[in-house]
Amino acid sequence: MAMDLLFVILGGVLLVAGFIGTFVPVIPGAPLAWAGLLISYFSKYTSSSIILLVITGIFAVAVSIMDNVFPAMLTKQSGGSKAGIVGCTIGLIIGMFLGFPGILLGPFIGAFVGELAHDAEDVPHAFSAALGTFKGFLLGTGLKMIVCAVFIWIFVITLIK
């Protein structure tokens, strides 16, 4: 009984940590949240299945791959450079200390500064490239948040049954 409770608590903690990881770059959000589902599977308090774990595992891997592909793809489409992607990540890290507005604006400002560092002569291009980088960041982060929120919902539903 104590182990079952431990599995549920640990699963819930990992799910919350995974959700936080959707916007904190050093925490692997979706895989961590999926690990929460996996651990809670071993508790008698939840009613999930192996099929559910396989499907959610596929989603966790897919969204993790997309999270890395979208920013690079949209940066490239908008003519951006690796400096813009690095700036976007640095802006996110700094922005986390400034609350929600920092989390939203930090990546864009960081990408813009990164693009200006790459080519200070072309400000309109730097703005356009930073916008593409930011769109890719929002798309990847949004998908991770949705998947992790669904994982939390699945956890709650299987816990109630």
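As shown above, the structure is provided for reference.
Here's a quick rundown of the structure. (Residues numbered from 1 in each chain as written. Predicted model: local features only at pLDDT ≥ 70, side-chain atom pairs only at ≥ 80, totals over all residues. Heavy atoms only, no water.)

Quick look at the packing of helix H5 (residues 99-118) against helix H6 (residues 123-160)
Part 1 of the reasoning: The contact between H5 and H6 brings their axes to 8 Å, and the two run at 140°. Relative to H6, the element H5 lies oblique. The way H5 lies across H6 gives a crossing that is right-handed. Contact residues: Ile 103, Leu 104, Pro 107, Phe 108, Ala 111, Phe 112, Glu 115 and Leu 116 in H5; Val 123, Ala 126, Phe 127, Ala 129, Ala 130, Leu 131, Thr 133, Phe 134, Phe 137 and Leu 138 in H6. (Axes fitted to C-alpha atoms, helices over the stretch in contact; angles between N-to-C directions. Helix = DSSP H or I, 4+ residues; strand = E, 2+ residues; numbered from the N terminus. Parallel < 35°, antiparallel > 145°, perpendicular 65-115°, else oblique. Left-handed = near helix turned anticlockwise from the far one by under 90°. Contact = heavy atoms within 4.5 Å.)

Overview of the environment of Ala 149
Part 1 of the reasoning: Assignment of secondary structure puts Ala 149 in helix H6.
Part 2 of the reasoning: Residue Ala 149 is classed as partly exposed on the basis of its relative accessible area, which comes to 37%.
Part 3 of the reasoning: Each C-alpha atom, one on Ala 149 and one on Ala 2, is 27 Å from the other, the two residues being 147 residues apart in sequence. (Buried < 20%, exposed > 50% of the residue type's maximum accessible area, 1.4 Å probe, protein only.)

Some remarks on the side chain of Ser 43
Part 1 of the reasoning: The topology assignment puts Ser 43 in the loop between helix H2 (29-41) and helix H3 (50-77).
Part 2 of the reasoning: Ser 43 gets classed as buried once you look at its relative accessible area, which sits at 3%.
Part 3 of the reasoning: Polar side-chain contacts of Ser 43 include one of 3.0 Å to the backbone oxygen of Asp 4.
Part 4 of the reasoning: When neighbours within four sequence positions are excluded, Ser 43 is seen to be in contact with Asp 4, Phe 7 and Val 8. (Polar contact = N/O pair within 3.5 Å; in protein donor to acceptor, adjacent residues only side chain to side chain.)

With respect to a nonpolar patch on the surface
Part 1 of the reasoning: Side chains of Val 86, Ile 90, Ile 93, Ile 94, Phe 97 and Leu 98 sit close together on the surface and give an oily, nonpolar patch of about 630 Å² of accessible area.
Part 2 of the reasoning: Overall, the relative accessible area of 70% leaves Phe 97 in the exposed class. (Patch = residues over 30% accessible without salt bridge, like charges linked within 9 Å, V, L, I, M, F, W, Y side chains within 5 Å. Areas by Shrake-Rupley, 256 points an atom, 1.4 Å probe, with all protein chains shown as cover. Salt bridge = Lys/Arg side-chain N within 4 Å of Asp/Glu carboxyl O.)

Looking at the nonpolar core
Part 1 of the reasoning: Grouped together as the largest cluster of nonpolar side chains are 13 residues, with contacts concentrated most on Leu 15, Ala 30, Ala 33, Leu 37, Phe 151 and Phe 155.
Part 2 of the reasoning: Secondary-structure elements contributing two or more residues to this core are helix H1 (2-20), H2, H3 and H6.
Part 3 of the reasoning: Aside from chain neighbours lying at most four places away, what touches Leu 15 is Ala 33, Gly 36, Leu 37, Phe 151, Ile 152 and Phe 155. (Core = buried A, V, L, I, M, F, W, Y, C linked by side-chain atoms within 4.5 Å.)

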